[in-house]
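Geometric and topological summary
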Amino acid sequence: MLRQTLPLLFPGLLVGCGGALAEVEGTAGGIQWGSSEFVYVGARYVVISAVEVDCRDIDWVDRNYDEGVKPTETNTSLLQFTFASGDAVEQGKFAIAQGGQVQSTIITISGDVFNEYNASAGTLSVDSVEDEGAATGSFDAVTFEDGTLSGTFTAEWCVNLKP
């Protein structure tokens, strides 16, 4: 009886550490996005994964990728926001542009197929960011060649994201 009652008394026990969550609307990079609990912040990155991934498995995330060279052997589908300067995500509202202060990229890897999609426009708003802690914010009209994404996020800190 106690085992059945615990989830009702302590629903937070069923939620992942830190309460990371993203709600992403739209289709881009060949992915129909939606909700994700795999949302991380660290160094200059905010990363939202469409598939289950642990912090320890995203140490390969980088600002730029070599064309045709998979950065990891793991199948993945993720959306990343990358700050150009410094080594931290900053609070504020930023325009998204390749080569700009913030850029956005979708990375997909399936078997031997690696695709990288770069956003050409949009905005990223970081409402709060704690040093080695959570970050919250939203993004709007992040435009890729094949679609547009908008949404909100609460990201948990990930030590494996490096500048």
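Everything here concerns the structure above.
So, a few notes on the structure that sits alongside this text. (Residues numbered from 1 in each chain as written. Predicted model: local features only at pLDDT ≥ 70, side-chain atom pairs only at ≥ 80, totals over all residues. Heavy atoms only, no water.)

1. Thoughts on the overall build of the chain
Put simply, the rule reads: Strands here mean DSSP runs of E at least two residues long; helices mean DSSP runs of H or I at least four residues long; both are numbered from the N terminus. We call a residue buried when its accessible area falls under 20% of the maximum for its residue type, exposed when it is over 50%, and partly exposed in between, using a 1.4 Å probe and counting protein chains only. Any two residues having at least one pair of non-hydrogen atoms within 4.5 Å are treated as being in contact. Areas reported here follow the Shrake-Rupley algorithm with a probe of radius 1.4 Å; residue values treat only the protein chains shown as occluding.
In terms of helices and strands, the chain carries one helix and 13 strands. Looking at the chain as a whole, 41% of its 163 residues qualify as buried. For the chain, the proportion of contacts with a sequence separation of at least 24, taken over those separated by at least 6, is 58%. For the chain, the exposed surface amounts to about 8600 Å²; the carbon and sulfur share of it is 49%.

2. Considerations on the state of the cysteines
Our working rule: Cysteine sulfur atoms that come within 2.5 Å of each other are treated as a disulfide pair.
Enumeration over the complete set of coordinates arrives at one disulfide. Note on cysteine connectivity: Cys55 is disulfide-linked to Cys158, with sulfurs 2.0 Å apart. Linking Cys55 and Cys158, the disulfide has an S-S dihedral of approximately 95° and is accordingly described as right-handed. In this pair, Cys55 sits in the loop between strand S6 (45-49) and strand S7 (76-83) while Cys158 sits in the segment after strand S13 (147-157), placing the two residues 103 residues apart along the sequence. When its relative accessible area of 0% is taken as the criterion, Cys158 is described as buried.

3. A look at the nonpolar core
Under the convention used in this document: Here, the term nonpolar core denotes a set of buried Ala, Val, Leu, Ile, Met, Phe, Trp, Tyr and Cys residues that are joined through side-chain atoms within 4.5 Å.
If you look at the biggest cluster of nonpolar residues, it comprises 28 residues, and the most contacted ones within it are Ile48, Leu79, Phe81, Leu124, Phe139, Leu149 and Phe153. For this core, the secondary-structure elements that each account for two or more residues are strand S1 (21-25), strand S5 (39-42), S6, S7, strand S9 (102-110), strand S11 (121-129), strand S12 (135-144) and S13. Here this core gets four residues from one element, more than from any other, and that element is S12. With residues up to four places along the chain from it excluded, the contact list for Leu79 reads Trp33, Val46, Val47, Ile48, Ser104, Thr105, Ile106, Phe139, Phe144 and Leu149. Membership of the second largest hydrophobic core comes to 16 residues, among which are Val47, Cys55, Leu78 and Phe114.

4. Side note on the environment of Gly86
Structurally, Gly86 can be placed in the loop between S7 and strand S8 (92-95). With relative accessibility at 48%, the residue Gly86 sits in the partly exposed group. Taking the C-alpha atoms as reference points, Gly86 and Ala43, 43 residues apart in sequence, are found 8.5 Å from one another.

5. Here's the deal with the pairing of S1
Rule in force here: The rule for pairing is simple: two strands pair if DSSP sees at least two bridges between them.
The alternating pattern of S1 places Ala22 and Val24 on a buried face, while none of Leu21, Glu23 and Glu25, on the opposite face, is buried. Pairing geometry for S1 and S13, over five bridges, is antiparallel. Paired with Ala22 across the strands is Phe153, a residue of S13. Pairing analysis gives two bridges linking S1 to strand S4 (residues 35-36), with the strands arranged antiparallel. Residue pairing in the sheet places Ala22 in a bridge with Ser36 of S4.

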